[in-house]
Amino acid sequence: MARRKAAPVAAPLPGLARLAPTQQRSRERFERILACATEIMAEKGSEAFRMSDIVERSGVAFGSLYQYFPDKAAIIGTLAERHNAIGRDCVRRDLAAVTAPRDLHPALCRIVDSYYEMFIRVPVMRDIWQATQADRALQKLDADDMAVLSGLLSDAIRRVAPGVAAATLATFSALTMTLIAAAVRHAITLPPKKARQVLTQFKTMLPDDLNGLA
């Protein structure tokens with residue numbers, strides 16, 4: 001009788017954890033690793049911290065660490081995905097108020113403010129973002145997140161302007177969300193007062209109607 005071949009084990013996605021623990025003890029260890037990584041990145045920056053730093057601070061053995069995270073990029077990517085999920089929830093909340101075309105500009109302004117406040121409230125997000133720009137696998141996570149955000153904006157506009165062509169709407173939404181992300185990421189490099197001035201000026205540049213999409 002022919003022996004069946006074992007089913008291939010799926011490789012971990014680049015830039016993400018190898019597996020998600022289900023048992024409480026494993027979950028606690030998993031969260032301890034991420035908490036220590038966050039602390040170390042906040043102290044050293046994303047470039048300087050090492051896997052050995054996490055082992056030393058968390059008390060988790062190298063074997064257990066690599067069981068969950070094959071490399072440093074997987075730790076940063078897992079943290080990035082968590083913060084991206086929070087950001088997407090904020091965008092959904094702000095876009096939920098769009099019930100007429102006139103609501104678009106205030107909603108986009110709220111998104112700008114929400115993202116800036118999130119970066120200020122969680123300073124390590126700056127280090128995470130910088131790391132995502134330096135690693136190809138993490139760049140893909142960032143691009144996927146931007147695609148989701150663009151889709152959320154497209155859905156909100158489609159509710160109030162159903163006649164806009166799909167291709168036009170997709171381009172508009174992608175450009176708008178990309179510009180918002182770029183403006184906020186520029187602002188977090190500035191002193192707070194200057195950052196507020198820059199974002200205030202940027203918000204005047206955001207679309208305040210949908211006439212150009214007709």
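In what follows, the structure referred to is the one given above.
From a predicted model like this one, the values you see are computed outputs, not experimental measurements.

1. Some words on the packing of aromatic side chains
Working step 1: Inspection of the entire model under this criterion finds three aromatic pairs.
Working step 2: Arranged with centres 5.1 Å apart and planes meeting at 20 degrees, the rings of F30 and F69 form a pair that is stacked. Of the two residues, F30 sits in helix α1 (residues 24–44) while F69 sits in the loop between α3 (62–68) and α4 (72–95), which places them 39 residues apart along the sequence.
Working step 3: For F69, a relative accessible area of 0% corresponds to the buried category.
Working step 4: Seen from their ring centres, F62 and Y66 are 5.9 Å apart, and the 15 degrees between their planes marks the pair as stacked. Of this pair, F62 and Y66 both sit in helix α3, four residues apart, which is roughly one turn of that helix.
Working step 5: Residue classification places F62 among the partly exposed residues on the basis of a relative accessible area of 39%.
Working step 6: Across the ring face of F49, the terminal group of K72 is positioned such that the distance to the ring centre comes to 5.2 Å.

2. Some thoughts on the environment of S173
Working step 1: Mapped onto the secondary structure, S173 falls in helix α8 (residues 166–187).
Working step 2: Taking the C-alpha atoms as reference points, S173 and L206, separated by 33 residues in sequence, lie 12 Å from one another.
Working step 3: With residues up to four places along the chain from it excluded, the contact list for S173 reads S150, L153, S154 and I157.
Working step 4: Here S154 takes part through its side chain, which lies 2.8 Å from a polar atom of the side chain of S173.

3. Brief notes about the packing of helix α5 (residues 104–121) against helix α9 (residues 192–205)
When two helices pack together, their arrangement is given by the angle between the helix axes and by the axis-to-axis distance.
Working step 1: It is at 10 Å that the axes of α5 and α9 come closest, and there the two elements cross at 160 degrees. When the axis of α5 is compared with that of α9, the two are roughly antiparallel. In this structure, the crossing between α5 and α9 has a hand that is right-handed. Between α5 and α9, the contacting residues are H105, C109, V112, D113, Y116 and E117 on the first element and P192, A195, R196, L199, F202 and K203 on the second.

4. A look at the side chain of T176
Working step 1: Structurally, T176 is set in helix α8.
Working step 2: The class for T176 is buried, based on a relative accessible area of 6%.

About the thresholds
- Residues numbered from 1 in each chain as written.
- Predicted model: local features only at pLDDT ≥ 70, side-chain atom pairs only at ≥ 80, totals over all residues.
- Heavy atoms only, no water.
- Phe/Tyr/Trp six-rings, centres within 6.5 Å; stacked < 30°, edge-to-face > 60°.
- Helix = DSSP H or I, 4+ residues; strand = E, 2+ residues; numbered from the N terminus.
- Buried < 20%, exposed > 50% of the residue type's maximum accessible area, 1.4 Å probe, protein only.
- Lys NZ or Arg CZ within 6 Å of the ring centre and 35° of its normal.
- Contact = heavy atoms within 4.5 Å.
- Polar contact = N/O pair within 3.5 Å; in protein donor to acceptor, adjacent residues only side chain to side chain.
- Axes fitted to C-alpha atoms, helices over the stretch in contact; angles between N-to-C directions.
- Parallel < 35°, antiparallel > 145°, perpendicular 65-115°, else oblique.
- Left-handed = near helix turned anticlockwise from the far one by under 90°.

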